[in-house]
Amino acid sequence: MIYLLAVGAAALSGIGNAIQQRAAVRAPAGSTLHWRLLGYLLRQRLWLCGLAIAVAGNIMTGASLGLSTVTLVEPLTVTSLLFALPVAAIWSRYRLGAREWIGAFAVVLGLAAFLVAGQPTPGQRAAAPLWQWGLAAGAIGLITWGLVHVARRMRPQHEASVLGLGAGMLFGLQAALTSTAAHRLFDAGLLAVLASWTPYAVVAVAAVAILLAQSAYKLAPLSISYPAVTAAEPLAGIAIGVGVLGGAVRIGPLAIAAQVVALAVMIAGIYAVAASRLVEAHHHHRFHAPHLHVGSGRHR
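Residues numbered from 1 in each chain as written. Predicted model: local features only at pLDDT ≥ 70, side-chain atom pairs only at ≥ 80, totals over all residues. Heavy atoms only, no water.

K.L.:
It is not clear to me how the overall build of the protein chain should be interpreted in this structure. Could you clarify?
P.N.:
Tallying secondary structure elements over the protein chain gives 13 helices and two strands in all. Pairs at least 24 residues apart make up 83% of the contacts formed inside the protein chain by residues separated by at least 6 positions. (Helix = DSSP H or I, 4+ residues; strand = E, 2+ residues; numbered from the N terminus. Contact = heavy atoms within 4.5 Å.)

Have a look at this one:
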């Protein structure tokens, strides 16, 4: 039952993101990294359908985590990438080459190996001090701002991957905040949650994360833009779980060495897909003309 839930969650998440990317690539020129991109997508039934499917996958992931442990479930849910890529390729009528498949498997295997080696345990602190949340959110916000600043000076495929990293980090923060809000809901009720700052922080973080993710989806095919999102989200969630919520990871010499190797494999996979030439077809032969990227001084 647990395995079916986890794999089903991965399939729904991957398919949902593939559908969202299909809608995002049709967005008007010049909307990348602008709120009008979300305004456009919120009016698209196709994108809303993809969002609903992805949310259903997240709900199934939560259910599987409730029945098991992070160590068992997360290595299965990260396979969403392997469901997303074939759907996106078939729908967009392009063929994934060896580079894309090898890169995707490297991301999945590297991240799964990191989770198995680290055996992260989720924190259970019901009320972490606000200053700790502030430090965590500030650190992730600063890193994300730096990633966006650097990404705007890159070629589209590299920009998409870097924006995906930023989006994934924010999604990890959103997941940690959602977990805290859910614990408060079960312990104190709905009014207590609405009276706290967490649900509003969840909405704000989610909005920025979605903007970055959809901008990445517009810039490059899913095989280039999605792996970074998939990789960064659980890593950021684990970091917050350890630093703020009282979780833990294995820190023995062998465990640390295995985690370092796993991260290196994952990073190599992201680099491999970011170097793909599929982005050329994405920009010149698909649904939109190259757009002016605000602030970069370059036409795309």
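K.L.:
When you look at the packing of aromatic side chains in this model, what are you seeing that I'm missing?
P.N.:
Each aromatic ring pair is summarised here by two numbers: the centre-to-centre distance and the angle between the ring planes. Using the criterion set out here, one finds three aromatic pairs in the structure. Geometrically, the ring pair formed by W133 and W197 is edge-to-face, given 6.0 Å between the ring centres and 70° between the ring planes. You can see W133 sitting in helix 7 (residues 130-151) and its partner W197 sitting in the loop between helix 9 (190-194) and helix 10 (198-219), a full 64 residues away along the chain. Given the relative accessible area of 3%, W133 is considered buried. For W197, a relative accessible area of 34% corresponds to the partly exposed category. Centroid distance Y217 to Y226: 6.5 Å. Interplanar angle 70°. Geometry classified as edge-to-face. (Phe/Tyr/Trp six-rings, centres within 6.5 Å; stacked < 30°, edge-to-face > 60°. Buried < 20%, exposed > 50% of the residue type's maximum accessible area, 1.4 Å probe, protein only.)

K.L.:
So what exactly am I meant to see when it comes to the packing of helix 7 against helix 8 (residues 156-188) here?
P.N.:
Any two packed helices are characterised by how steeply their axes cross, that is the angle between the axes, and by the distance between the axes. One can describe the packing of helix 7 onto helix 8 by two numbers: an axis separation of 8 Å at closest approach and a directional angle of 165°. Considering their axes alone, helix 7 and helix 8 lie roughly antiparallel with respect to each other. Between helix 7 and helix 8 the crossing geometry is left-handed. Two secondary-structure elements touch here, helix 7 through W133, A137, I140, I143, T144, L147, V148 and A151 and helix 8 through E159, V162, L163, L165, G166, M169, L170, L173, A176, L177 and T180. Its residues assigned to classes, the contact of helix 7 with helix 8 comprises 15 nonpolar, three polar and one charged. (Axes fitted to C-alpha atoms, helices over the stretch in contact; angles between N-to-C directions. Parallel < 35°, antiparallel > 145°, perpendicular 65-115°, else oblique. Left-handed = near helix turned anticlockwise from the far one by under 90°. Nonpolar A, V, L, I, M, F, W, Y, C, P; charged D, E, K, R; others polar.)

K.L.:
I would appreciate a short explanation of the packing of helix 6 (residues 98-118) against helix 11 (residues 222-243) in the present structure.
P.N.:
Put simply, helix 6 and helix 11 touch, their axes get as near as 10 Å, and they point 5° apart. Our classification of the angle between helix 6 and helix 11 gives roughly parallel. Here E100, V107, L111, F114 and L115 of helix 6 come into contact with helix 11, specifically with S223, P227, T230, A231, P234, L235 and I238. Considering only residue class, the contact of helix 6 with helix 11 consists of nine nonpolar, two polar and one charged.

K.L.:
Is there a simple way to explain the nonpolar core in this structure?
P.N.:
The tendency in soluble globular proteins is for nonpolar side chains to be buried side by side. L41, W133 and L163 are the most contacted members of the largest nonpolar core, which has 68 residues in total. Among all residues touching W133, those that are not within four sequence positions of it are A128, L173, A176, L177, T180, W197, I240, V244 and L245. (Core = buried A, V, L, I, M, F, W, Y, C linked by side-chain atoms within 4.5 Å.)

K.L.:
I'm lost on a nonpolar patch on the surface in this one. Help?
P.N.:
A surface patch of nonpolar side chains, amounting to about 710 Å² of accessible area, comprises L185, F186, L190, L191, L194 and Y200. Looking at the nonpolar patch, the elements that each hand over two or more residues are helix 8 and helix 9. No other element matches the three residues that helix 9 contributes to the nonpolar patch. You can see L185 is positioned in helix 8. Since its relative accessible area comes to 37%, L185 is described here as partly exposed. (Patch = residues over 30% accessible without salt bridge, like charges linked within 9 Å, V, L, I, M, F, W, Y side chains within 5 Å. Areas by Shrake-Rupley, 256 points an atom, 1.4 Å probe, with all protein chains shown as cover. Salt bridge = Lys/Arg side-chain N within 4 Å of Asp/Glu carboxyl O.)

K.L.:
What is the right way to look at the confidence of the model for the protein chain in this model?
P.N.:
Fine structural detail should not be taken from predicted coordinates in areas where pLDDT scores are low. The share of residues in the protein chain with pLDDT of 70 or more is 85%, and the mean pLDDT across the chain is 82. Low confidence marks residues 284-300, where pLDDT is under 50. Its contacts with residues over four positions away, or in another chain, come to 47 contacts. (pLDDT = per-residue confidence, 0-100.)

K.L.:
Looking at this structure, how should I read the environment of A167?
P.N.:
Looking at where A167 falls in the secondary structure, it is placed in helix 8. A167 sits in the buried class, given a relative accessible area of 0%. The sequence separation of A167 and S215 amounts to 48 residues, and the corresponding C-alpha distance is 9.6 Å. Beyond its immediate chain neighbours, meaning those up to four positions away, A167 contacts A209, L212, A213 and V229.

K.L.:
Would you take a moment to explain helix 11 for this structure?
P.N.:
With 22 residues, helix 11 extends 31 Å between its outermost C-alpha atoms, agreeing within 8% with the 32 Å of an ideal straight helix rising 1.5 Å per residue. Where burial is concerned, most of helix 11 is hidden: 16 out of the 22 residues are buried. (Expected span 1.5 Å × (residues − 1).)

K.L.:
What is the right way to read unusual backbone geometry from this model?
P.N.:
Excluding glycine, residues mostly carry a negative phi; peptide bonds, for their part, are mostly trans. Despite not being glycine, L33 shows a phi value in the positive range, around 65°. In this structure, L33 sits in the loop between helix 1 (2-24) and helix 2 (35-41). Although it is not a glycine, Q119 sits at a positive phi angle of roughly 45°. Structurally, the position occupied by Q119 is in the loop between helix 6 and helix 7.

K.L.:
Just checking my understanding: could you explain helix 8 for this structure?
P.N.:
Because each turn of an α-helix spans 3.6 residues, side chains separated by three or four positions in sequence point in the same direction. The end-to-end C-alpha distance of helix 8 is 47 Å, a good match for the 48 Å that 33 residues give at a rise of 1.5 Å each. Just downstream of helix 8, G189 is the residue with a positive phi angle, here 100°.

K.L.:
I tried to follow the environment of Q132 on my own but got confused; where do I start?
P.N.:
Assignment of secondary structure puts Q132 in helix 7. Remark: the alpha-carbon pair of Q132 and I240, spanning 108 residues in sequence, is separated by 9.6 Å.

K.L.:
Can you help me understand the side chain of R22 in this one?
P.N.:
On the secondary structure map, R22 appears in helix 1. Looking at R22, its side chain comes within polar contact range of the main-chain oxygen of W91, at 3.1 Å. (Polar contact = N/O pair within 3.5 Å; in protein donor to acceptor, adjacent residues only side chain to side chain.)

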